[in-house]
Amino acid sequence: MHEMTAGWARVEMLPGSPKKEDTRKQPRLLPRHSTMHLLGPLLLLLEYLAFSDSSYWRFDHPHTLYTWEKACVWIPCCYTIPESGSRLEKLTVYSNYEYNDTTKDFQGSILYETKEFSNNPPQEMRVQFLGNERVNCTLRINPVSKEDNGWLGIRVNTKTDKWMEKINLNVSKTPLPPHIQLPPEIQESQEVTLTCLLNFSCPGFPIQLKWSLQEPAVTLTSLSTKTVSTQSKLTFRPQWTHHGKNLTCQLWDHKAERVLSEDTVCLDVKHPPKEVTAVIQNPTRIREGDNVTVSCNYNSSNPRVSRYEWNVQGSRNKVFSEVLVIQKVSWDARPIACAACNQWCSWAPSVNLDVQHAPKDVRVQQTSPSSEIHSGHRVLLGCNFSSSRPRDVRFFWKKNGIFLKEGRELSFDSISPEDAGNYNCLVNNSVGQTTSEAKMLRVLYAPRMLRVAISPKDEVIEGKKAVLTCESDANPPILQYAWFDWNNQNLRHYDQMLRLDPVKVQHSGAYRCQATNRLGTGQSPPGTLTVYYSPETIGRRVAVGVGFCLATLLLAFWGVKLQRSWKRIRSQQGLQENSSGQSFFVRNKKIRRVPVSEDPHSLGCYNPVMEDAISYATLRFPVGETNTPRTRDAGTLEAEGPSPNRDDTVTYSVLQKRRVGDYENVVPENVEDEGIHYSELVHLGVGERPLGQEAVEYVTLKH
C-alpha cells in the first residue's frame, strides 16, 4: 500500500494473491521502494497494463497541521469511495502507525475506532469523528498531547475495499507565534494591507490576534482541506512619521487575558526628503560679479539622500554636495532652488538673489496672431524682459541686423512674404544693453510666381528627352502639382517635373502647371514646347514624298496611255458600224512611210495624205464564198441567202509583217513603230445575218 496525502490512490492487485477478508481479491501491499526493487521496468509496465482498471480512493486534507500542547486541532477531511454507492463499514485513527509485513496489517496507537455511523452529535471524547460514512472524514482532537506529534493514520474499510491515509501533525510545546506579512514596499500615503498569520484554527478555542497600531483590523479564519489558519488584516495609509516605528501582532488568550505569543516588525516607510530649504550664506545685497554661497538642508529621508539638484539660471545641475558656490554671479542670475533626492526629489522654495544688472531675459513675443502668420494678416510683435535693475529702460528693433525703429511694439498692418526674417529687440538701462534672441518670422502664403521651365533650353529634337519643371514660390511647400496641355486637358501627372522620354513632335504645344499647398492653388502661364523633326525623320518623309510623286506620275502616264487606247478602240468600233460593203481596214495612228513591197500577196494600200487615218482595202470573195449582191428595182443592194455550200462562220486572217515593212508596206523609223497593229475583217453582206455573228471581229497582225 502506497502512502498518499491527497489525490487519487491506486490499489495494486497481483494475480494469484490470497483473498481479503472482505471477499475481494487480496492486494499485495508493498512499499514503493520494495516494488521498484523487486520488479523491473518491464514487469512494472505489464502490471500497469494488466491492472489499469483498478479502483481509486481520493482524500483531501491539509498536508501538515500545526498546534501546541493543551490546545486542540481541527482536521478538515473528505474522501471518495472507489465504488459508487458504497459506504464505510469501519474507521480507525492511528497515531504514528507502522505496517507489519508479517500480519499484513497496520500497527500503532489507536486514538479512535468506530463501526457505527450516525447523524447524532459526537460524544465528548478527546478524539471526535465529525464526518460520515460517505464523504466526510473530519476529526477534532482536544486537548492535544505531545505524544500526538508525528503522523496520524485514518484507516477506512468498506465491504469490498480498505485504505490507509496519512496526515502529518506538528505539536509544539509552546503556543505557535503569529507571523506578520508585509508587502514588498510601503510608500508614504499609499494604502497598504498588513497580514498577521497564525497557522492554527480550532473552533471553540479562545484565541485572538491583536495589533499594536490603533487601526481597525479584520480577522479571518480558514478551515478548508487546503489550509487551516487564522489571520488578521490591517489596512491603513502610512505616513513618513511611521518610518522606523515597531509594529506588533499578539496572540491573545482572552479568557486568561494574557499574551500567548507575538511577532514584531519595524516599519520601513519609503518617503522623499522632508522639509527641504535653500539658505543663502551671504544675505547682503548682491551685485553682478559677486560670489554667492547657498546650502540645501532637509529633515528626514528614506532612503537616504543620494544627490542634490540645483536650479541655477533656469537649468538643473545634479551634484552630490549640499553646498553650491556661484563664482562671480552672472547677469542671468535668477532665483535659485535646490532639491534633495533619493528615489524621489523634494524641492525647496526658490531664493531670489536680487542682483543689480542690465535688462535680462529679453525676448520677442508675437502678440497677434497667436498661431500661424498668413500673407495679408495683421501682425504685432512685442518686446518683453523679465528683470532689470534699475527698471528705467528703452526699446529698439532690428531686422536681419538692420535698425528699424524705436518702441516696445512692432506692427504690420498687412504682412507680406517679403517681411519674413529674423527680428531682434534691444532693451537698455543705465547698467547696459541686452539684445533678445532672434525671432524668426515665417509668413505663409499660397503658391505664387509659377512658371514652366523647359530643359534643354535649346532645340528639342524628337526621340530625345525633354523635362518640364514647375517652378514656384510657396510657404509651406507645395503638396501637389498638376499639369495641363494646350487643350486644357489634365495630364494626370502630379510631380514637379514632367518628363517626356522619348519626346515626340506630337508633344509640341503650350503646357501649364498648377501647384497646391494647404493655403491655396496657383497656376503658371503657358510654356511652349517646340519639338523638331530629327534628320532621320526628315529623310524618311522626303523619301516618301518623292516616291509618292513618282508613283503619281507613273499612274498618270499609264492613265493617259490607257485613255488613248480606249479612244482608239471606240473609234474603230464606230467605223465598223458605219462601213458598207465587204472591206478590210487598218487603223494606225503612227507615221507611215512608203512601203517596199516584196510580197505579192500582201494586202493593203498607202495613203500619203492621211498618215494618221484609217486605210481601207476591199477584198473580193470568190463566187459561192459570199453573198452576191443584186440590184433591185428600187436601186438598192440585196444580199442573197446564204449559199448552202458555204459555212457561215467568221474567218480570221493574220498578216505577218516582214522586217522591211509592215502590212501597209511602211518601214518604221524607230523601234517604237514596231508596235502591234490591229486590223478588222468585216463581213458586210446584204441580207440577214446570224445573230451570233454581229460582234466585232479582229485580225491580229504580229510583227
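Since this is a predicted model, take the numbers as computed values, not measurements. (Residues numbered from 1 in each chain as written. Predicted model: local features only at pLDDT ≥ 70, side-chain atom pairs only at ≥ 80, totals over all residues. Heavy atoms only, no water.)

A. Representation of the sheet that holds strand E41 (residues 497–500) in the model. The antiparallel open sheet is built from 3 strands, whose spatial order is E37-E39-E41. The strands lining the two open edges of the sheet, one partner per strand, are strand E37 (445–455) and E41. Recorded for the sheet is a direction-independent mean angle of 10° between the axes of neighbouring strands. As paired strands, strand E39 (residues 466–475) and E41 are joined by 4 bridges and run antiparallel to one another. Bridged to Val-467 within E41 is Arg-499. (Pairing = 2+ DSSP bridges. Helix = DSSP H or I, 4+ residues; strand = E, 2+ residues; numbered from the N terminus. Axes fitted to C-alpha atoms, helices over the stretch in contact; angles between N-to-C directions.)

B. Up close: the side chain of Thr-67. With respect to the element layout, Thr-67 can be found in strand E3 (residues 64–68). Residue classification places Thr-67 among the buried residues on the basis of a relative accessible area of 0%. Setting aside anything within four residues of it in sequence, one finds Thr-67 in contact with Cys-72, Val-73, Val-144, Leu-169, Asn-170, Val-171, Ser-172, Leu-176 and Phe-200. (Buried < 20%, exposed > 50% of the residue type's maximum accessible area, 1.4 Å probe, protein only. Contact = heavy atoms within 4.5 Å.)

C. Here's a closer look at the pattern of salt bridges. Applying the stated criterion across every chain yields a total of 16 salt bridges. Across the pair Glu-113 and Lys-90 runs a salt bridge, and its minimum N-O distance is 3.1 Å. Taken together, the residues Glu-113 in strand E7 (residues 105–114) and Lys-90 in strand E6 (residues 90–100) connect sequence positions 23 residues apart. According to the relative accessible area criterion, Glu-113 is partly exposed, its value standing at 41%. Using a relative accessible area of 26% as the deciding quantity, one classes Lys-90 as partly exposed. Across the salt bridge formed by Asp-354 and Arg-389, the nearest N and O atoms sit 3.2 Å from each other. A residue pair is termed long-range when its members are at least 10 positions apart, and Asp-354 in the loop between strand E28 (345–347) and strand E29 (363–368) and Arg-389 in the loop between strand E30 (379–384) and strand E31 (394–399) qualify at 35 residues. Judged by relative accessible area, which is 31%, Asp-354 ranks as partly exposed. Overall, the relative accessible area of 21% leaves Arg-389 in the partly exposed class. Salt bridges here are not isolated pairs; linked through shared partners, they connect Glu-418, Arg-448 and Asp-473. (Salt bridge = Lys/Arg side-chain N within 4 Å of Asp/Glu carboxyl O.)

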